[in-house]
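Survey of secondary and tertiary structure
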Amino acid sequence: MSSSASSVRYIFTTGGVTSSLGKGIISASLAKLLQARGYRVTIQKLDPYINVDPGTLNPYEHGECYVTNDGTESDLDLGHYERFLNVPTSIANNVTTGKIYQTVINREREGAYLGKTVQVIPHITDEIKRRIQLLGETGEFDIIITEIGGTVGDIESLPYIEAVRQMIWEMGSTNVAVIHLTLLPYLSTTGELKTKPTQHSVKALLEYGVQPDILVCRTEKPVSNDIRRKIALFCNVNINAVIESIDASTIYEVPLLMLKEQLDKVVLNRLKLPLRQEPDMAAWKDFLGKLKNPIHEVRIGLIGKYIELKDAYKSINEAFIHAGVSNECQVKLEWIHSEKLDHDNVKNQLGHLHAILVAPGFGERGIEGKINAIQYAREKKIPFLGICLGMQCAVVEFARNVLGMKDAHSTEMNPETSFPVINMMEEQKLITNKGGTMRLGEYTCSVAKGTRAYQVYGKSKITERHRHRYEFNNDYLQKFEADGMIASGINPDSSLVEIIELKNHPWFVGVQFHPEYKSTVLNPHPLFVKFVKAALDRSHGHIDNKQEIKSTSLVD
Ligand code: GLN
């Protein structure tokens, strides 16, 4: 069934009191429930910062940069949306103030405003509304949930709230609903949940002309009926529209908590949409049951340089949760700083691990630690997965320590190296701008039969998402393959090496792409699933040396 643009419903989620309340998870949980009732739903994130996209942001400041199939560098919340809904997002799902202003200023330069003074209202707000409705116009969705970044009251998010006000006025309140996510702080001295910050935050929204319909209240204690009534009365909402969102042990529990609170029903009633079927959450419940009751446990080291902020590796972390469940196994990730690893301490730091992952990244800092970790994993036959920079480091390590190319390196770290085994792609050499200029998004990869990679994927044509500037240098491929590191995945159009693996190792795979972006609750990524399985085998003392590698190369 396709919906006409006019029948599409819009739901906005705003945040109050403080940041980091989890608007993304609440939006994704609501979307999951509506999807489980048979609605076609997507989620969009509006980010009030002036960067055009988060691709240029330091991971320490904003966490991971998530990449969509169409190559958009986007906010990490889009990762949650995909992991929950199992539906890909695209460029239209993430809008920043930078993008809005860039469009408006370009139009102004083209003379499109016919001499008018270009202003926040109506020009910026019109562009915001246009971006919100773009997804509705595709005909692919019945409901668009738009999450507004930041906290109500921030100067930066004002034009977005104004756009919401205008949309309610233009489309009527049946077509637009506003959910305000707020915090009920608990005062341990008096043993009470306090509602005043919520009242003030709703008041701030009202000052901008927006009355929220539903309040989702983050809380560490259950919200009593008395408190619900008080909030409803002071904030002018129905009592059943005061939703408790109690702290959960995992984000994957939140859809079921929201189901219990009937958030989906309240929203559908509010939008005068039929409830359709009871949400089918069987697969989700099965996942959660296994997540909470693992049978096995493995310890996997994640070697990276942004480990102080776990959000910098968000999708990898989540992919391990999905893969763990699929193996009925709890994956205990040990976050290891690559700058702290050297030749002498590597055994001490990594000896107890069942598997080692070397993370993506940029720049020279911590590189030698990553290379040391890889040498250890290769020599001690510990299962290894290298992602993007992690794969490139595996190539450098092999060149140096197996092929005897002592100063081999990636030209990203050492442009003067005598063995540039990882090199900048030709088309990248002339690019000077930093934003949105890497090799981004989905590319096809041919997987050679008889390889570990083929055993993982079970097919010879795959697509995976990329985000990098440097590549394996094919001038060296024959040398690598002759000594046991083979290219088991190749881009069929450009011959770029996408997957490398070792022949004489129980499980050693490096991928130039980012498998973590594609892992979802319902579709755990096979690379992570099989990597965790290899860790599990190691923890049980099984070593899979039987994997026969017949194919040597995909490159002519
Ligand atoms: N810095 C490397 C490159 O640009 C790897 C990037 C990454 O790990 N995402 O190719």
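Please read all numbers here as calculations on a predicted model, not as lab measurements. (Residues numbered from 1 in each chain as written. Predicted model: local features only at pLDDT ≥ 70, side-chain atom pairs only at ≥ 80, totals over all residues. Heavy atoms only, no water.)

So, on to the environment of Lys459. Its place among the elements puts Lys459 in the loop between helix H16 (452-457) and strand E19 (461-468). For Lys459, a relative accessible area of 45% gives the class partly exposed. Between the alpha carbons of Lys459 and Val447 there is a distance of 7.1 Å; along the sequence they are twelve residues apart. Residues in contact with Lys459, not counting those within four places in the same chain, are Val447 and Tyr454. (Helix = DSSP H or I, 4+ residues; strand = E, 2+ residues; numbered from the N terminus. Buried < 20%, exposed > 50% of the residue type's maximum accessible area, 1.4 Å probe, protein only. Contact = heavy atoms within 4.5 Å.)

Next up on the list: the packing of helix H11 (residues 282-292) against helix H12 (residues 314-326). Where H11 contacts H12, the two axes come as close as 9 Å, and the packing angle between them is 90 degrees. By the angle class used here, H11 and H12 are roughly perpendicular. For the pair H11 and H12, the contacting residues are Phe287, Lys290 and Leu291 in the first and Ile321, His322 and Val325 in the second. Within the contact of H11 with H12, the residues separate by chemical class into four nonpolar, one polar and one charged. (Axes fitted to C-alpha atoms, helices over the stretch in contact; angles between N-to-C directions. Parallel < 35°, antiparallel > 145°, perpendicular 65-115°, else oblique. Nonpolar A, V, L, I, M, F, W, Y, C, P; charged D, E, K, R; others polar.)

Okay, the pattern of salt bridges next. Within the structure shown, the criterion is met by 33 salt bridges. We note a salt bridge from Asp311 to Lys314, for which the minimum N-O separation is 3.4 Å. Residues Glu397 and Arg378 are paired through a salt bridge, measuring 2.7 Å at the closest nitrogen-oxygen approach. Highlighted residues: Glu397 in helix H15 (residues 389-401) and Arg378 in helix H14 (residues 367-379), separated in sequence by 19 residues. Arg378 sits in the buried class, given a relative accessible area of 14%. Each of the salt bridges in this network shares a partner with another, and the network as a whole consists of Lys45, Asp47, Asp75, Asp77 and Glu147. (Salt bridge = Lys/Arg side-chain N within 4 Å of Asp/Glu carboxyl O.)

So, on to the sheet that holds strand E7 (residues 176-183). What the seven strands build is an open sheet, ordered E5-E2-E6-E1-E7-E10-E11; its pairing is parallel. The outermost strands of the open sheet, each flanked by one partner alone, are strand E5 (94-96) and strand E11 (242-246). Shown here is a sheet whose adjacent strand axes are inclined to one another by a mean of 20 degrees, direction ignored. Pairing between strand E1 (residues 9-15) and E7: six bridges, direction parallel. Bridge pairing in E7 links Ile11 to Ala177. In the packing of helix H1 (residues 23-36) onto the sheet, contacts are made with E1, strand E2 (41-47), strand E6 (143-148), E7, strand E10 (214-219) and E11, and the angle to E6 comes to roughly 175 degrees. Lying on the sheet, helix H8 (residues 225-235) is in contact with E10 and E11; it crosses E11 at an angle near 130 degrees. (Pairing = 2+ DSSP bridges.)

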